[in-house]
Amino acid sequence: MMLVPLKRRKLVLSKGNTGVDGGDIVAAKFPQVVLFLLERKMGASRRTFLSQLGRRKGFQVEEQFSKKVTHVICENNCAEDVRTWLASQGGEQAEVHLLDISWYTESMRAGHPVHMLDRHELQELQVDKSEVVVFSVPAYACQRRTTLENHNTTLTDALSLLAENAELSDEDGRGVAFRRAAAVLKVLPSAVKSTSQLTGLPCLGGHSLRVIKDVLENGSSSEVESTKGSEQYKALKVLTGIFGVGAKTADRWIREGIHDLRQLRDSGHALNRAQRAGLEHYDDINQPVSKTEAAAIEELVKKAVASVLPRAQVVMTGGFRRGKPSGHDVDFLITHPEEGREVGLLPKVLSWLQSKGFLLYQKTTRNSYLESKEGPGRPPSSMDRFERCLSIFKLLRTEKQAAEAPQDVMVNDVQAEGEQKSDESSRPEQTAAADRRWRAVRVDLVVSPISQFAFALLGWTGSKLFERELRRWAGYEKSMCLSSHALYDNNQRRYLRASSEEEIFAHLGLEYIPPSERNA
Ligand code: UTP
Ligand code: MN
């Protein structure tokens with residue numbers, strides 16, 4: 001504090017005391033800036049002194065806090081405490097700057113409000129600052145290594161459920177936001193204990209943070225619990241569990257009052273071939289496929305392919321390639337080292353499988369991708385145009401598997417609640433799983449020419465979010481367009497060739513991430 005001759009000091013004090021606020025002494029020079037000095041921890045006399053100093057410099061310094069205030073100046077307070085105080089004044093909605101005294105004194109010295117810098121902001125946490133582990137994570141999932149090891153399953157399960165519900169409700173934008181938030185938590189090296197550890201992390205929006213906070217503080221999220229219990233969510237889960245039924249169809253049925261399989265059957269709705277197969281094999285298809293079962297299917301597919309075209313290659317893609325222990329289906333990519341030899345392969349593979357009785361259902365779509373015609377912008381990034389077969393395989397059980405087969409094949413509690421025990425009357429088509437020597441398994445077969453194989457492999461390995469993030473990275477950061485067929489560089493106006501996934505990552509300027517670390 002500077003020394004002021006006694007005479008002048010008296011003058012200053014008496015002058016200051018005459019006005020109710022600064023406006024009475026000098027007209028405010030900076031009408032956009034209305035200051036309030038918080039007495040807490042600053043002390044009453046220092047506050048009076050600093051307030052008067054400010055007024056003399058032409059600042060508007062209020063005696064009382066009100067809605068007019070734009071800047072709250074504090075000394076030795078943390079942001080959290082000031083926000084609590086602000087809330088007690090009914091000002092929690094107000095758009096005020098919470099600033100440290102250093103901003104005020106610097107402004108006094110400068111004679112005008114100085115630019116607000118980070119160091120002028122109040123510290124977020126006063127206590128435990130050294131003990132809190134603050135995480136840091138790159139913004140795009142394709143820049144991160146996401147293994148199956150997850151230290152935050154409670155949080156990611158909560159967010160994933162909300163993502164799923166959003167997707168089922170045709171709100172993809174919200175779904176992606178929750179998926180991104182969950183993916184960030186999946187890469188953290190330890191369990192999150194407080195939201196303060198998440199400061200500065202990407203992709204954590206207000207909604208996701210609220211859910212996280214709820215779970216951390218109460219052990220569960222009220223929104224998640226009410227979603228799980230809602231009739232709409234339960235019905236959407238049960239109905240979209242039918243192969244061939246998407247969110248839109250399910251929603252239409254629900255609006256007609258159809259909430260479960262029995263009501264669907266009773267409604268007399270005409271179902272397409274896929275949906276009929278889906279209903280027939282409902283329990284099996286909703287039962288996760290194990291690694292062992294996937295391996296058995298792989299053997300079968302390889303045998304079929306080898307018998308119709310010996311040098312053709314088969315690779316298991318999807319979740320199993322990423323090392324997942326189970327999946328909802330088994331995905332395969334088929335190619336041939338000589339470009340063009342893959343044409344006509346799939347129908348032959350399918351008739352081989354059909355003749356041996358391994359196919360319960362299949363529907364093939366033809367390859368509709370033509371690079372020259374599509375142009376770089378197309379196909380729409382999430383779609384691809386490969387020759388593809390969506391099928392249901394009949395997988396024979398070994399003696400051991402048959403003995404271990406669950407008596408009552410219920411997928412999850414949602415289904416168990418929505419649909420009572422599957423007795424013969426409600427399931428005329430379905431023989432009890434335990435009595436059967438086989439089970440139905442969803443299998444996707446995709447055929448790619450060798451020139452597009454690396455792109456197809458990358459595109460079909462997933463995870464879905466990892467793929468989405470790769471395409472977002474390509475577009476936003478590299479001005480490129482990535483699909484399961486090709487990579488186009490908008491700046492160079494040409495396709496970038498690649499014969500391995502490593503080359504594609506290199507084209508994209510990304511570190512190579514192996515399949516086991518793409519579990520975003
Ligand atoms: P899946 O839906 O099979 O996912 O798609 P998954 O990761 O294997 O998970 P589970 O275990 O079966 O549930 C596998 C990959 O194929 C791509 C997806 O982007 C995903 O990366 N895919 C799927 C497509 O490119 N197009 C499609 O029409 C379907
Ligand atoms: Mn899959």
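The rules behind each value
- Residues numbered from 1 in each chain as written.
- Chains lettered and ligands numbered in written order.
- Predicted model: local features only at pLDDT ≥ 70, side-chain atom pairs only at ≥ 80, totals over all residues.
- Heavy atoms only, no water.
- Helix = DSSP H or I, 4+ residues; strand = E, 2+ residues; numbered from the N terminus.
- Buried < 20%, exposed > 50% of the residue type's maximum accessible area, 1.4 Å probe, protein only.
- Contact = heavy atoms within 4.5 Å.
- Areas by Shrake-Rupley, 256 points an atom, 1.4 Å probe, with all protein chains shown as cover.
- Donors = N, O, S within 2.8 Å, 3.2 Å for Na, K, Ca; no water.
- Near = heavy atom within 4 Å.
- Polar contact = N/O pair within 3.5 Å; in protein donor to acceptor, adjacent residues only side chain to side chain.
- Nonpolar A, V, L, I, M, F, W, Y, C, P; charged D, E, K, R; others polar.
- Phe/Tyr/Trp six-rings, centres within 6.5 Å; stacked < 30°, edge-to-face > 60°.
- Lys NZ or Arg CZ within 6 Å of the ring centre and 35° of its normal.
- Pairing = 2+ DSSP bridges.
- Right-handed = clockwise from strand over helix to strand, strands pointing away.
- Axes fitted to C-alpha atoms, helices over the stretch in contact; angles between N-to-C directions.
- Parallel < 35°, antiparallel > 145°, perpendicular 65-115°, else oblique.
- Left-handed = near helix turned anticlockwise from the far one by under 90°.
- Expected span 1.5 Å × (residues − 1).
- Salt bridge = Lys/Arg side-chain N within 4 Å of Asp/Glu carboxyl O.

**Concerning the overall build of the chain**
Looking only at helices and strands, the chain has 22 helices and 14 strands in total. Across the 520 residues of the chain, 46% fall into the buried class. Looking at the chain alone, contacts between residues at least 24 apart form 70% of all its contacts between residues at least 6 apart. Counting only carbon and sulfur atoms, one obtains 50% of the accessible surface of the chain, whose full area is about 26,600 Å².

**Looking at the coordination of the manganese ion (ligand 2)**
The protein atoms donating to the manganese ion (ligand 2) are D329 (OD) and D331 (OD), with metal-donor distances spanning 2.1 Å. D331 matches D329 in its accessibility class, with the two residues each being buried.

**Some thoughts on the site of ligand 1**
Lining the immediate surroundings of ligand 1 are 16 residues, of which K324, H328, D329, R388 and K464 lie closest. Within the side chain of R388, one N or O atom sits 2.7 Å away from an oxygen atom of ligand 1. Here an oxygen atom of ligand 1 sits 2.7 Å away from a polar atom, N or O, in the side chain of K464. Coverage of ligand 1 by the protein amounts to 80% of the 590 Å² it exposes when considered alone. Mapped by element, the contributors of at least two residues to the shell around ligand 1 are helix 15 (318-321), helix 20 (453-461) and helix 21 (464-478). Here the residues of the shell around ligand 1 are counted per class, giving one nonpolar, seven polar and eight charged.

**Comments concerning the packing of aromatic side chains**
The description of an aromatic ring pair rests on the distance of the ring centres and on the angle between the ring planes. Applying the stated criterion across every chain, the model contains nine aromatic pairs. Geometrically, the ring pair formed by F36 and W85 is stacked, given 5.6 Å between the ring centres and 10° between the ring planes. Taken together, the positions of F36 in strand 1 (residues 34-37) and W85 in helix 3 (residues 79-88) put the pair 49 residues apart, joining distant regions of the chain. Residue class for F36 comes out buried when judged on its relative accessible area of 7%. Here W85 falls in the buried class, since its relative accessible area comes to 16%. For the ring pair F466 and F505, a centre distance of 6.5 Å and an interplane angle of 45° mean the geometry is tilted. Note that F466 is positioned in helix 21 and F505 in helix 22 (residues 501-507), a separation of 39 residues in sequence. Across this residue pair, the class does not change: F466 and F505 are buried. Aromatic rings pair up to connect F36, F65 and W85 into one cluster. In this structure, K394 packs its charged tip against the face of W438, placed 5.0 Å from the ring centre. The residue whose ring lies beneath R436 is W438, and the NZ or CZ to ring-centre distance is 4.4 Å.

**A closer look at the pairing of strand 3 (residues 71-74)**
Burial along strand 3 is two-sided: H71 and I73 and V72 and C74, pointing in opposite directions, are all buried. In terms of strand pairing, strand 1 meets strand 3 through three bridges, oriented parallel. Paired with L35 across the two strands is H71, which belongs to strand 3. Sheet analysis places strand 3 next to strand 4 (residues 97-100), joined by four bridges and oriented parallel. Considered in strand 4, the bridge of C74 is made with D100. Regarding the hand of the β-α-β motif, the stretch spanning strand 3, helix 3 and strand 4 is right-handed.

**What about the packing of helix 6 (residues 172-186) against helix 7 (residues 206-218)?**
The N-to-C vectors of helix 6 and helix 7 enclose an angle of 55°; their axes lie 10 Å apart at closest approach. Between helix 6 and helix 7, the crossing angle belongs to the class labelled oblique. Considering how the two elements wind past one another, helix 6 and helix 7 form a crossing that is right-handed. When helix 6 is examined against helix 7, the residues R174, A177, F178, A181 and L185 are found in contact with a partner set consisting of H207, S208 and I212. Grouping the amino acids of the contact of helix 6 with helix 7 by side-chain chemistry returns five nonpolar, two polar and one charged.

**A closer look at the environment of S479**
Secondary-structure assignment places S479 in the loop between helix 21 and strand 12 (480-482). Between the alpha carbons of S479 and N491 there is a distance of 6.8 Å; along the sequence they are twelve residues apart. Beyond its immediate chain neighbours, meaning those up to four positions away, S479 contacts A474, Y488, D489, N490 and N491.

**So, helix 21**
Here helix 21 spans 20 Å end to end across 15 residues, near enough to the 21 Å set by a 1.5 Å rise per residue. Those residues of helix 21 lying buried are L465, F466, E467, E469, L470, W473 and A474. On its buried face, helix 21 is in contact with helix 6, helix 20, strand 12 and helix 22. Where helix 21 ends, the next residue or the one after it, S479, has phi of about 55°, a positive value.

**Focus on the pattern of salt bridges**
By the definition in use, this model includes 26 salt bridges. The partner of E217 in a salt bridge is K213, and the shortest N-O contact between them spans 3.4 Å. Taken together, the residues span about one helical turn, with E217 and K213 both in helix 7 at a distance of four residues. Judged by relative accessible area, K213 falls into the partly exposed class, the value being 40%. One salt bridge connects R518 with E501, and the closest N-O pair in it is separated by 2.9 Å.

**So, the sheet that holds strand 8 (residues 330-335)**
Within the open sheet, the five strands sit side by side as 6-8-11-10-9. Their pairing is mixed. Single-partner strands in this sheet number two, and they are strand 6 (313-316) and strand 9 (359-365). When strand polarity is set aside, the average angle formed by the axes of neighbouring strands in this sheet is 25°. Two elements, strand 9 and strand 10 (residues 387-396), share six bridges in a ladder whose sense is antiparallel. Bridged to L359 within strand 10 is F393.

**A look at unusual backbone geometry**
S463 follows G462 through a cis peptide bond whose omega is -5°. Its place among the elements puts S463 in the loop between helix 20 and helix 21. Located in the positive-phi region is N76, a residue other than glycine, with phi close to 65°. Note that N76 resides in the loop between strand 3 and helix 3. Although it is not a glycine, C203 adopts a positive phi angle of roughly 65°. For C203, the location among the structural elements is in the loop between helix 6 and helix 7. For C203, a relative accessible area of 26% puts it in the partly exposed group.

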